[in-house]
Amino acid sequence: MASRAGTEVRDTRGRPLRDLRISVTDRCNFRCPYCMPRELFGPDHAFLPRSELLTYDEIGRVVRAFAATGVTKVRLTGGEPLLRRDLSVLVGIVAGTEGVADVALTTNGSLLAAQAEALKTAGLRRVTVSLDSLDPDVFQQMADTKIRLDAVLDGIAAARDAGLGPVKLNAVLRRGVNDDGLLELVDYAREGGHVLRVIEFMDVGETNGWLPDEVVPAAEVLARVQAVHPMEPVGRSERGEVAERWRFLDGSGEFGLITSVTKPFCGDCTRARLSAVGELYTCLFASTGTDLRAVLRGGADDDALYEAVAGRWRVRDDNYSEVRGQQPTPPKPEMSFLGG
Ligand code: SAM
Ligand code: SF4
Ligand code: SF4
């Protein structure tokens, strides 16, 4: 398979495969209502047994196959990825894969303080921490967890101190719930040398009670920030970059907007997702995935695994966000399972 390393595979819309997001667990220690509402992910919810999850060695093989199709960036996510034991071991395997130039992590930050150093040493390049509010009560309402906001803030500081900065901070705004804390988040990020990115609340999965009225459009977010801190646009540095980037004119760093609802970016979407049970999804909103675990556990060699990945990508034609609401869609999997 080495002879194919980095060979570009394009889908039916001409989009290459460049990025892979891997969900390493469907479990989480938060119950953000927009992602894992407690009514549905309560004590009776059956999370996946360990035997269903891909092992680190299996993930390593899958990553090799993806790298051979041209993937250079890998992000570990979940659920809460730091709940998976010894995640730094997986980071080391992924970082050591030929062709992979960038390994990143998306986390709620609650367990990051204790692990940041080890993750960095293992080869992690970047970390994104989800942070929806700096007000302890609003944080609690957005995350529905007993874990304190301070644990997340300690995790962010530890990541920066370990050399994983600038740390990206992802905030989902829900109108009437946390959107009045926007400027406080902006100031916190500017002062700490972090990059805040505001994500439009999306209709992922089937359980989060999404209502268009709760989405704060990126244009409104931008106007609110611009009114206090003038910014200029930064061009997208590469194809497939999801955030619209802005630079503060006073030199205090960047700000980003992820406009998945009001300004979809499907035309440039170069991203695949691997679910916690090893299914390949070619879109965050796809209703079915390709079972790579069955291929792996069926004894396939590396070439067969490569063909399973490349063959699926070649027939991909997803553009859900561009056609959102225009046609009925089959049920979508939850983001905690698929990997946000
Ligand atoms: N648990 C980790 C975390 O929260 O960062 C990683 C997984 S989480 C599913 C990944 C990202 O998806 C988080 O930044 C979260 O805010 C975002 N997310 C989850 N549900 C969302 C929704 N309905 N709309 C927009 N973003 C969402
Ligand atoms: Fe957990 Fe992240 Fe989903 Fe919140 S957004 S429930 S932290 S997986
Ligand atoms: Fe990519 Fe699907 Fe999102 Fe469009 S809707 S940007 S195809 S993941």
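Residues numbered from 1 in each chain as written. Chains lettered and ligands numbered in written order. Predicted model: local features only at pLDDT ≥ 70, side-chain atom pairs only at ≥ 80, totals over all residues. Heavy atoms only, no water.

*Asks:* Whenever I open this one, the nonpolar core confuses me. Can you help?
*Replies:* Burial of nonpolar side chains together is a common tendency in soluble globular proteins. Formed by 100 residues in total, the largest nonpolar core has its most connected members in Phe66 and Phe255. Not counting residues within four places of it along the chain, the set of residues in contact with Phe255 comprises Val186, Val195, Leu196, Val198, Val221, Val225, Met231, Glu244, Arg245, Trp246 and Phe248. (Core = buried A, V, L, I, M, F, W, Y, C linked by side-chain atoms within 4.5 Å. Buried < 20%, exposed > 50% of the residue type's maximum accessible area, 1.4 Å probe, protein only. Contact = heavy atoms within 4.5 Å.)

*Asks:* Explain unusual backbone geometry to me, please; I cannot follow it from the model alone.
*Replies:* Only a minority of non-glycine residues have a phi that is not negative, and only a minority of peptide bonds are not trans. Following Gly165, the chain continues into Pro166 via a peptide bond in cis, with omega recorded as -5 degrees. The backbone phi angle of Asp86 is positive, close to 50 degrees, even though this residue is not glycine. Its place among the elements puts Asp86 in the loop between β2 (73-77) and α2 (87-95). Phi is positive for Asp144, which is not a glycine, with a value near 45 degrees. (Helix = DSSP H or I, 4+ residues; strand = E, 2+ residues; numbered from the N terminus.)

*Asks:* What exactly am I supposed to notice about the environment of Asp144 here?
*Replies:* With respect to the helices and strands, the residue Asp144 is situated in the loop between α4 (136-143) and α5 (149-161). Residue classification places Asp144 among the partly exposed positions, given a relative accessible area of 22%. Taking C-alpha positions, Asp144 is 6.1 Å from Phe30, a pair spaced 114 residues apart along the chain. The contact partners of Asp144, leaving out residues within four places of it in the chain, are Phe30, Arg31, Pro33, Arg38 and Phe139.

*Asks:* Could you clarify how one ought to interpret the pairing of strand β9 (residues 254-258) in this entry?
*Replies:* Within β9, four of the five residues are buried, which leaves it mostly tucked inside the rest of the structure. As defined by bridge partners, strand β6 (residues 195-200) adjoins β9 across four bridges and the pair is classed as parallel. Pairing of Arg197 across the sheet is with Gly256, part of β9. One ladder, built from four bridges, connects strand β8 (residues 244-248) with β9; its direction is antiparallel. Counterpart to Trp246 in the pairing with β9 is Phe255. What sits between the antiparallel neighbours β8 and β9 is a turn of five residues, in which Gly251 has the positive phi angle 80 degrees. (Pairing = 2+ DSSP bridges.)

*Asks:* Would you explain the packing of aromatic side chains in this entry?
*Replies:* For any pair of aromatic rings, the description rests on two quantities: the centre-to-centre distance and the angle between the ring planes. For the coordinates displayed, the defined rule picks out four aromatic pairs. For the pair Phe248 and Phe255, a centre-to-centre distance of 6.5 Å together with 50 degrees between the ring planes defines the contact as tilted. Phe255 shares its class with Phe248; the two are buried. With centroids separated by 4.2 Å and ring planes inclined at 15 degrees, the aromatic side chains of Phe285 and Tyr320 adopt a geometry described as stacked. With Phe285 in the loop between β11 (279-281) and β12 (290-291) and Tyr320 in the loop between α9 (302-314) and α10 (335-338), this residue pair connects regions lying 35 residues apart in the sequence. Judged by relative accessible area, Phe285 falls into the buried class, the value being 9%. Tyr320 gets classed as buried once you look at its relative accessible area, which sits at 12%. In this structure, Arg190 packs its charged tip against the face of Phe248, placed 4.7 Å from the ring centre. (Phe/Tyr/Trp six-rings, centres within 6.5 Å; stacked < 30°, edge-to-face > 60°. Lys NZ or Arg CZ within 6 Å of the ring centre and 35° of its normal.)

*Asks:* Would you mind showing me how to read helix α1 (residues 56-69) here?
*Replies:* Counted at 1.5 Å a residue, the expected span for α1 with its 14 residues is 20 Å, and the 20 Å between its end C-alpha atoms agrees. Taken across its 14 residues, α1 has 11 buried, putting it largely inside the fold. Within the span of α1, buried status applies to Tyr56, Glu58, Ile59, Gly60, Val62, Val63, Ala65, Phe66, Ala67, Ala68 and Thr69. Residue Gly70 follows α1 closely and has a positive phi angle near 120 degrees. (Expected span 1.5 Å × (residues − 1).)

*Asks:* What's the story with the site of ligand 3 in this structure? I'm lost.
*Replies:* In the region of ligand 3, the neighbouring residues are Phe265, Cys266, Cys269, Cys283, Leu284, Phe285, Arg316, Asp318, Tyr320 and Ser321. Split by residue class, the shell around ligand 3 holds seven nonpolar, one polar and two charged. (Near = heavy atom within 4 Å. Nonpolar A, V, L, I, M, F, W, Y, C, P; charged D, E, K, R; others polar.)

*Asks:* Would you mind going over the pattern of salt bridges with me for this structure?
*Replies:* If you walk through the whole model with that rule in mind, you get 22 salt bridges. Across the salt bridge formed by Glu307 and Arg314, the nearest N and O atoms sit 3.6 Å from each other. A salt bridge links Asp318 to Arg316; the shortest N-O distance between them is 3.6 Å. By relative accessible area, Asp318 is classed as buried at 17%. Members of the salt-bridge network, linked through shared partners, are Asp11, Arg15, Arg316 and Asp318. (Salt bridge = Lys/Arg side-chain N within 4 Å of Asp/Glu carboxyl O.)

*Asks:* Would you take a moment to explain the environment of Val295 for this structure?
*Replies:* Inspection of the secondary structure puts Val295 in helix α8 (residues 292-297). Of the residues examined, Val295 reaches a relative accessible area of 24% and is grouped as partly exposed. Sequence-wise, Val295 and Gly278 are 17 residues apart; in three dimensions their C-alpha atoms are separated by 9.6 Å.

*Asks:* Would you take a moment to explain the sheet that holds β9 for this structure?
*Replies:* Sheet strands pair via backbone hydrogen bonds, and the direction of the pair is either parallel or antiparallel. Taken in spatial order, the 12 strands of this open sheet run β7-β8-β9-β6-β5-β4-β3-β2-β1-β10-β11-β12, and their pairing is mixed. Strands at the two margins of the open sheet, each flanked by one partner only, are β7 (231-234) and β12. Note that β11 and β12 share two bridges and pair antiparallel. Each residue of the ladder has a partner; that of Glu279, found in β12, is Asp291.

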